[in-house]
Amino acid sequence: AQTVTQSQPEMSVQEAETVTLSCTYDTSESDYYLFWYKQPPSRQMILVIRQEAYKQQNATENRFSVNFQKAAKSFSLKISDSQLGDAAMYFCAYDRGSTLGRLYFGRGTQLTVWP
Amino acid sequence: DTAVSQTPKYLVTQMGNDKSIKCEQNLGHDTMYWYKQDSKKFLKIMFSYNNKELIINETVPNRFSPKSPDKAHLNLHINSLELGDSAVYFCASSQELNTEAFFGQGTRLTVV
């Protein structure tokens, strides 16, 4: 069974600083997808970034980037130049990559951004 | 235009009642899902539908019955509601070959 572990229930960062959220996963598959979703207080689930396992290059989206270590089964999210609007619950998720996607989520990391 | 919309956003009901949550997506996606987020914010898949056919039923009680009248809609009907059903329910959709899921805004169900 696929499991996703986020070992940091809570993290905090000063505005404009950089923070890294950790995620590890367990799988026997070689082809899969990894995601980071953001859930602000509004409750909406917002896709932050995605990574295909077959791609060696780490995905980036503006201030958000990942450190994907396939052998270590690690997928951390780095947020640069943190902004107050980044405060949210962040979920790491795994998808087996079949034609019928199904996300397995970690338990989330609550990020607080201090002014 | 909202890509994945759910109604209602909030639902408060008594134990034993039957209720439905509606979901519609205008993205043209083939696959739709229902996820449940518990009080500790853990998200777990309940159902997956592809082209109106049930693909995944993740050990969900029979009191929960999804219905997909067409590819764009996936409704969730819950019979004999229990206190433990209180949660936020998310509808989501994805294209068959693109596993990126788009979520609705969630429905907070409170059973009293």
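Everything that follows concerns the structure shown earlier in this document.
Here is what the cut-offs are and how they apply
- Residues numbered from 1 in each chain as written.
- Chains lettered and ligands numbered in written order.
- Predicted model: local features only at pLDDT ≥ 70, side-chain atom pairs only at ≥ 80, totals over all residues.
- Heavy atoms only, no water.
- Helix = DSSP H or I, 4+ residues; strand = E, 2+ residues; numbered from the N terminus.
- Rg over C-alpha atoms; globule rule 2.2 N^0.38 Å.
- Buried < 20%, exposed > 50% of the residue type's maximum accessible area, 1.4 Å probe, protein only.
- Contact = heavy atoms within 4.5 Å.
- Areas by Shrake-Rupley, 256 points an atom, 1.4 Å probe, with all protein chains shown as cover.
- Lys, Arg positive; Asp, Glu negative; His and termini not counted.
- Charge placed at Lys NZ, Arg CZ, Asp CG, Glu CD.
- Phe/Tyr/Trp six-rings, centres within 6.5 Å; stacked < 30°, edge-to-face > 60°.
- Buried area = accessible area lost by both parts, 1.4 Å probe.
- Salt bridge = Lys/Arg side-chain N within 4 Å of Asp/Glu carboxyl O.
- Polar contact = N/O pair within 3.5 Å; in protein donor to acceptor, adjacent residues only side chain to side chain.
- Nonpolar A, V, L, I, M, F, W, Y, C, P; charged D, E, K, R; others polar.
- Pairing = 2+ DSSP bridges.
- Axes fitted to C-alpha atoms, helices over the stretch in contact; angles between N-to-C directions.

### Here's the deal with the overall build of chain A
Right, on to step 1. A count of helices and strands for chain A gives 0 helices and 12 strands.
Right, on to step 2. Starting at the N terminus, the α and β elements of chain A follow one another as β-β-β-β-β-β-β-β-β-β-β-β.
Right, on to step 3. Relative to a compact globule of 115 residues, whose C-alpha radius of gyration would be 13 Å, chain A shows 14 Å and is just as compact.
Right, on to step 4. With respect to the three principal axes, the spread of C-alpha positions in chain A is 40 × 25 × 20 Å.
Right, on to step 5. Looking at chain A as a whole, 49% of its 115 residues are labelled buried.
Right, on to step 6. In chain A, of all internal contacts separated by at least 6 residues, the share reaching a separation of at least 24 is 55%.
Right, on to step 7. Carbon together with sulfur atoms contributes 45% to the accessible area of chain A, which is approximately 5600 Å² in total.
Right, on to step 8. Here chain A contributes 11 positively and 11 negatively charged side chains, and the mean placements of these two sets differ by 6 Å.

### A short note on the packing of aromatic side chains
Right, on to step 1. Following the criterion strictly, the structure yields 17 aromatic pairs over all chains and no others.
Right, on to step 2. The interplanar angle of 20° and the centroid separation of 6.2 Å between the aromatic rings of W36(A) and F75(A) together place this pair among those described as stacked. Note that W36(A) is positioned in strand 5 (residues 33–39) and F75(A) in strand 9 (residues 74–79), a separation of 39 residues in sequence.
Right, on to step 3. An angle of 85° between the planes, with centres 6.1 Å apart, marks the rings of F90(B) and F103(B) as edge-to-face.

### Observations regarding the interface of chain A and chain B
Right, on to step 1. The interface is formed by 22 residues belonging to chain A together with 28 residues belonging to chain B.
Right, on to step 2. Summed over both partners, the interface of chain A with chain B buries about 2200 Å², with 53% contributed by carbon and sulfur atoms.
Right, on to step 3. For the pair chain A and chain B, the number of links is 0 salt bridges.
Right, on to step 4. On inspection of chain A and its partner chain B, the count reaches 8 residue pairs in polar contact (both at pLDDT 80 or more).
Right, on to step 5. Residue assignment for the side of chain A that touches chain B shows that the elements contributing at least two residues are strand 5, strand 6 (46–52), strand 10 (88–95) and strand 11 (103–105) of chain A.
Right, on to step 6. Broken down by element, the side of chain A that touches chain B gets its largest block of residues, 4 residues, from strand 5 of chain A.
Right, on to step 7. For the side of chain A that touches chain B, the class distribution of residues is 10 nonpolar, 7 polar and 5 charged.

### Brief notes about the side chain of T31(B)
Residues and elements named next belong to chain B.
Right, on to step 1. Inspection of the secondary structure puts T31 in strand 4 (residues 31–37).
Right, on to step 2. Judged by its relative accessible area of 1%, T31 is buried.
Right, on to step 3. A polar contact of 2.9 Å, which involves the side chain of T31, links it to the side chain of N50.

### Points about the side chain of T13(B)
Right, on to step 1. Mapped onto the secondary structure, T13(B) falls in strand 2 (residues 10–13).
Right, on to step 2. If near-sequence neighbours (up to four positions away) are discounted, T13(B) is found in contact with K19(B), L81(B), L109(B), T110(B), V111(B) and V112(B).

### A word on the pattern of salt bridges
Right, on to step 1. In this structure the tally under the stated criterion is 7 salt bridges over all chains.
Right, on to step 2. D26(A) is the partner of K73(A) in a salt bridge, and the nearest nitrogen-oxygen pair spans 3.9 Å. Linking K73(A) in the loop between strand 8 (64–69) and strand 9 with D26(A) in strand 4 (residues 24–26), this pair joins segments that are 47 residues apart in sequence.
Right, on to step 3. Classification of D26(A) as partly exposed rests on a relative accessible area of 41%.
Right, on to step 4. Put simply, R63(B) and D85(B) hold a salt bridge, and the shortest N to O gap is 2.8 Å. Placement of the pair is R63(B) in the loop between strand 6 (53–57) and strand 7 (64–70) and D85(B) in the loop between strand 8 (73–78) and strand 9 (87–95), with a sequence separation of 22 residues. For the pair shown, R63(B) and D85(B) are each scored as buried.

### A look at the sheet that holds strand 7 of chain B
Residue and element names in this part refer to chain B.
Right, on to step 1. Strand order in this open sheet of 4 strands is 1-3-8-7, and the pairing throughout is antiparallel. Of all strands in the sheet, those bounded by a partner on one side alone are strand 1 (4–7) and strand 7. Between one strand and the next, the sheet's axes are offset by a mean angle of 20°, whatever the strand orientation.
Right, on to step 2. Summarising the sheet, strand 3 (residues 19–25) and strand 8 pair through 4 bridges and their orientation is antiparallel. Looking at strand 8, one finds that K19 is bridged to I78.

Such coordinate-based values are descriptive only and should not be taken to indicate function.
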